[in-house]
Amino acid sequence: MSTPPETSRRLTVNAAFLKDIKEDNRDLKILMDRLRVLTQPLEAAANHWPELIGLFEDLRDQLALHFGLEEAYGYFDEAIGPDVELSVTADFLRSQHAVLFEEARHLAEAAAAACTGDTPIEGTTPEVTTAQEKILRRFEGFVMQFNEHEEAELKLILDALEEDLGVGD
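Residues numbered from 1 in each chain as written. Predicted model: local features only at pLDDT ≥ 70, side-chain atom pairs only at ≥ 80, totals over all residues. Heavy atoms only, no water.

**Some details on the overall build of the protein chain**
Then step 1. Within the protein chain, the secondary structure is distributed over 6 helices and 0 strands.
Then step 2. Helices and strands in the protein chain line up, N terminus first, as α-α-α-α-α-α.
Then step 3. Relative to its 169 residues, the protein chain shows a buried fraction of 32%.
Then step 4. Within the protein chain, contacts between residues at least 6 apart in sequence are counted, and of these 82% link residues at least 24 apart.
Then step 5. Accessible surface computed for the protein chain: about 10,600 Å², of which carbon and sulfur atoms make up 56%. (Helix = DSSP H or I, 4+ residues; strand = E, 2+ residues; numbered from the N terminus. Buried < 20%, exposed > 50% of the residue type's maximum accessible area, 1.4 Å probe, protein only. Contact = heavy atoms within 4.5 Å. Areas by Shrake-Rupley, 256 points an atom, 1.4 Å probe, with all protein chains shown as cover.)

Structural data, given as structure tokens:
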């Protein structure tokens, strides 16, 4: 009986990393959910603008951690290694981190700059300014891009696992 051929590819997962990434993903989901609640409908966002400024800053900081963890541990380089297609996809997804982080940074800066400081007359509802509305629309686009990115990362990991484990075995 022959032994199966040895392969240089191994999928290794660091348990400490899994704990960190799990906590990071939970924190990021809570933050994104909170932002969605305060930005929908757009008209309601004016009531929460000071809180939104802080949440956009938190998003920027959380994404720095999130992308840092993924780049340090999250792409299973050993598993992807020689597979050209998976490597190209991983490189492309890594390159999106800088773009997404930059957008989050711009959102945080723009949100702070769009704070008019005007206090509504008692009994009236503050209205979203044009600048604030642009930021909220930009955030909607960011959420779509970020979700697509995260789905593509999950697909990459699943593809790497499938390749590592073999299909139809």
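**Concerning the environment of Met32**
Then step 1. Inspection of the secondary structure puts Met32 in helix H1 (residues 15–39).
Then step 2. Separated by 111 residues in the primary sequence, Met32 and Val143 have C-alpha atoms spaced 8.4 Å apart.

**Brief notes about the nonpolar core**
Then step 1. Trp49, Phe56, Leu59 and Phe142 are the most contacted members of the largest nonpolar core, which totals 27 residues.
Then step 2. Contributing elements (two or more residues each) for this core: H1, helix H2 (42–45), helix H3 (49–74), helix H5 (84–113) and helix H6 (130–165).
Then step 3. It is H3 that contributes the most residues to this core, 8 residues altogether. (Core = buried A, V, L, I, M, F, W, Y, C linked by side-chain atoms within 4.5 Å.)

**Observations regarding the side chain of Asp24**
Then step 1. Note that Asp24 resides in helix H1.
Then step 2. Arg26 provides the closest opposite charge to the buried, unpaired Asp24, separated from it by 9.4 Å.
Then step 3. The residues touching Asp24, leaving out its near neighbours within four places in the chain, are Gln62, Leu65, His66 and Leu69. (Lys, Arg positive; Asp, Glu negative; His and termini not counted. Salt bridge = Lys/Arg side-chain N within 4 Å of Asp/Glu carboxyl O.)

**Details of the side chain of His97**
Then step 1. Looking at where His97 falls in the secondary structure, it is placed in helix H5.
Then step 2. A polar contact is formed between the side chain of His97 and the side chain of Glu71, at a distance of 2.7 Å.
Then step 3. A polar contact is formed between the side chain of His97 and the side chain of His149, at a distance of 3.2 Å. (Polar contact = N/O pair within 3.5 Å; in protein donor to acceptor, adjacent residues only side chain to side chain.)

**Here's the deal with unusual backbone geometry**
Note on backbone geometry: most residues besides glycine have negative phi, and most peptide bonds are trans.
Then step 1. Backbone torsion omega between Gln40 and Pro41 reads -10 degrees, so that peptide bond is classified as cis.
Then step 2. Its location among the elements puts Pro41 in the loop between H1 and H2.

**Considering the packing of aromatic side chains**
Then step 1. One pass over the structure, following the stated rule, counts 4 aromatic pairs.
Then step 2. Taken together, a centroid distance of 6.4 Å and an interplanar angle of 55 degrees make the contact between Phe67 and Phe146 tilted. Separated by 79 residues along the polypeptide, Phe67 in helix H3 and Phe146 in helix H6 bring together distant segments of the chain.
Then step 3. The class of Phe67 is buried, set by a relative accessible area of 4%.
Then step 4. Measuring from centroid to centroid gives 6.4 Å for Phe139 and Phe142, while their planes differ by 20 degrees, and the two rings are stacked. Here Phe142 and Phe139 lie together in helix H6, a separation of 3 residues that amounts to about one turn.
Then step 5. According to the relative accessible area criterion, Phe142 is buried, its value standing at 1%. (Phe/Tyr/Trp six-rings, centres within 6.5 Å; stacked < 30°, edge-to-face > 60°.)

These figures come from the coordinates and say nothing about function on their own.
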